[in-house]
Amino acid sequence: MIILGDKYNFSNIEYSRLKKQFNSIKHISYKAQSFNENINKIEEALKTSKQRVIVLNTQAPLDKELISYLTKLELQQVKYITIEHFLEIYLKKYFISEGLSVNTAFLEDVKPYSLFQYSIKRLIDFIGVLLLFLPTLLFSLYTKFRMFKESPGTLYFKQKRVGLGGQEFNCVKLRSMHLNAEENGAKFAKENDPRVYPWGDRIRYTKVDELGQLYNVLKGEMHLIGPRPERKIWTIEFEKSIPYYSQRHVVAPGITGLAQLKYQYGRGKIDAKEKLMYDLYYIKNWSIKLELEIIWKTLVFLLTSKKEDLSNF
């Protein structure tokens, strides 16, 4: 694979995933270089690349000569693909461009669920709640016992989150922090957070503190699968600086989702943008197959407590 240009910067995690799909990855900067210089670099890279795919990752428009050259390469079984399509196909994320190159046509692709899609999702929701009811009850009782020893107080924690249509609702979670953890204001959670008690840290890591949201699923405020609901204080900030951020609210949020499996961080604007790319892919490409895959991968994560390699998902 040859990456031509620097429009999108791949992370180290993404490179490691792509290396399992492509035997070699070459990066070529496409800037103020002559046509011959670009051609020579591509030709050299093709000599050592068995899987011949060129990713067009350029900020600057491709000149006519280079387009003609790439077209001829197709006759030699060399394929080229835009960075937008490449990210969707191989990494299951939608590229968010910024500045003058914002793609407004994208807004046509992100739509609320159809009646059929919504009906299927609600059926999956109810089946999931039914299957998880007893395990959740038993786990909640054990969590209450651990709380009694480590951080006495209420079992559940309610917090306003932004849901469908940008409307707020009371999101329910098993309490993982000490009481009055935010008496000094809202903050993103961090590693070794002093506000978290020992068992709370465990249930946060394994994500099972989210099981309280089965109540929100029953009420229809959430689905099992969807974009994670965020707090109003953060959505206001993100909407100011991240294109399309409000588009994640065209559907109801979920307990887990593609973004949680693919990008297990979430402590600021950069992480919010990364998660949004996966959320927008999920909304745009929703299918029963994708829904069931996310459920399966989530169960594997919960049962193994490992950040599984999701390169093939």
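Source: prediction; values computed, not measured.

K.L.:
An account of the nonpolar core is needed here, citing residue identities and associated values.
P.N.:
Counting residues in each nonpolar core, the largest one holds 50 residues, and the members touching the most others are Phe-10, Phe-86 and Tyr-282. It is helix α10 (residues 269-284) that provides the largest number of residues to this core, a total of eight residues. Leave out the neighbours within four places in its chain, and Phe-86 touches Met-1, Phe-10, Leu-18, Phe-22, Val-55, Ile-81 and Leu-91. With 15 residues, the next largest nonpolar core counts Leu-4, Leu-56, Leu-66 and Leu-70 among its residues.

K.L.:
Which residues make up the environment of Tyr-215, and what values go with them?
P.N.:
With respect to the helices and strands, Tyr-215 occurs in helix α7 (residues 214-219). Sequence-wise, Tyr-215 and Val-172 are 43 residues apart; in three dimensions their C-alpha atoms are separated by 7.3 Å.

K.L.:
Outline the packing of aromatic side chains, listing residues and values.
P.N.:
Inspection of the entire model under this criterion finds 12 aromatic pairs. Look at Tyr-8 and Phe-10: their rings are 5.0 Å apart centre to centre, the planes differ by 85°, and that puts the pair in the edge-to-face class. One exposure class covers both Tyr-8 and Phe-10, and it is buried. Ring pairing ties together the aromatic residues Tyr-8, Phe-10, Tyr-15, Phe-22, Phe-86, Tyr-90 and Phe-95, which thus form one cluster. The ring of Phe-126 carries the charged tip of Arg-122 above its face, separated from the ring centre by 4.6 Å.

K.L.:
Outline the pattern of salt bridges, supporting the account with residue identities and numerical values.
P.N.:
Where charged atoms of side chains with opposite charge meet at close range, the side chains can pair. Counted by the stated rule, this structure contains 16 salt bridges. The partner of Arg-122 in a salt bridge is Asp-125, with the nearest N and O atoms 3.1 Å apart. One end of the pair, Arg-122, and the other, Asp-125, are both in helix α5 (residues 115-150), three residues apart, so they sit about a helical turn from each other. One salt-bridge network, held together by shared partners, links Lys-173, Asp-209, Glu-210 and Arg-228.

K.L.:
Could you give me a rundown of the environment of Arg-204, with the residues and numbers involved?
P.N.:
Tracing the backbone shows Arg-204 in helix α6 (residues 198-205). Classification of Arg-204 by relative accessible area gives partly exposed; the value is 24%. Remark: the alpha-carbon pair of Arg-204 and Leu-174, spanning 30 residues in sequence, is separated by 9.2 Å. Among the polar contacts made by the side chain of Arg-204, one reaches the side chain of Ser-176 at a distance of 3.1 Å.

K.L.:
Give a detailed account of helix α8 (residues 232-241), specifying residues and quantitative values.
P.N.:
All of the buried residues along α8 are Trp-234, Thr-235 and Phe-238. The buried residues of α8 occupy an angular sector of 100° when the element is viewed end-on, so they sit on one face. Contact partners of the buried residues in α8: β5 (156-162) and α10.

K.L.:
For the pairing of strand β3 (residues 53-56), give the residues involved together with the corresponding values.
P.N.:
The side-chain alternation of β3 yields two buried faces, one formed by Val-53 and Val-55 and the other by Ile-54 and Leu-56. Relative to β3, strand β1 (residues 2-4) runs parallel, the two being bridged by three bridges. Across the sheet, the residue bridging to Ile-2 is Ile-54, located in β3. Where β3 meets strand β4 (residues 79-82), four bridges bridge the pair, whose relative direction is parallel. By the bridge assignment, Ile-54 is partnered in β4 with Tyr-80. Handedness of the β3-helix α3 (residues 64-73)-β4 crossover: right-handed.

K.L.:
Quick rundown of the sheet that holds β1? Include the residues and the values.
P.N.:
Across the sheet, four strands lie side by side as β2-β1-β3-β4; this open sheet has parallel pairing. Since the sheet does not close on itself, it has two edges, and those belong to β2 (26-28) and β4, each with one partner. The average undirected angle you get between the axes of adjacent strands in this sheet is 20°. Against the sheet, α3 contacts β1, β3 and β4, and its axis sits at roughly 150° relative to β3.

K.L.:
Report on the packing of α5 against α6, specifying residues and quantitative values.
P.N.:
Between α5 and α6, whose axes approach to 8 Å, the crossing angle comes to 145°. Counted together, Phe-139, Tyr-142, Thr-143, Arg-146 and Glu-150 of α5 and Pro-198, Trp-199 and Ile-203 of α6 form the full contact between these two elements. Tallied by class, residues from the contact of α5 with α6 come to five nonpolar, one polar and two charged.

K.L.:
Could you give an account of the packing of helix α2 (residues 35-47) against α3, naming the residues involved and the relevant values?
P.N.:
Relative orientation of the contacting elements α2 and α3 amounts to 25°, with a least axis distance of 10 Å. When the axes of α2 and α3 are compared, the pair comes out roughly parallel. Crossing handedness for the pair α2 and α3: right-handed. On α3, the residues touching Phe-35, Ile-39, Ile-42, Glu-43 and Leu-46 of α2 are Glu-65, Leu-66, Tyr-69 and Leu-73. When the residues that make up the contact of α2 with α3 are grouped by side-chain class, the tally is seven nonpolar, no polar and two charged.

Cut-offs and rules
Residues numbered from 1 in each chain as written. Predicted model: local features only at pLDDT ≥ 70, side-chain atom pairs only at ≥ 80, totals over all residues. Heavy atoms only, no water. Core = buried A, V, L, I, M, F, W, Y, C linked by side-chain atoms within 4.5 Å. Buried < 20%, exposed > 50% of the residue type's maximum accessible area, 1.4 Å probe, protein only. Helix = DSSP H or I, 4+ residues; strand = E, 2+ residues; numbered from the N terminus. Contact = heavy atoms within 4.5 Å. Phe/Tyr/Trp six-rings, centres within 6.5 Å; stacked < 30°, edge-to-face > 60°. Lys NZ or Arg CZ within 6 Å of the ring centre and 35° of its normal. Salt bridge = Lys/Arg side-chain N within 4 Å of Asp/Glu carboxyl O. Polar contact = N/O pair within 3.5 Å; in protein donor to acceptor, adjacent residues only side chain to side chain. Arc of directions from axis to C-beta. Pairing = 2+ DSSP bridges. Right-handed = clockwise from strand over helix to strand, strands pointing away. Axes fitted to C-alpha atoms, helices over the stretch in contact; angles between N-to-C directions. Nonpolar A, V, L, I, M, F, W, Y, C, P; charged D, E, K, R; others polar. Parallel < 35°, antiparallel > 145°, perpendicular 65-115°, else oblique. Left-handed = near helix turned anticlockwise from the far one by under 90°.

Without other data, these values stay purely geometric and don't point to any function.
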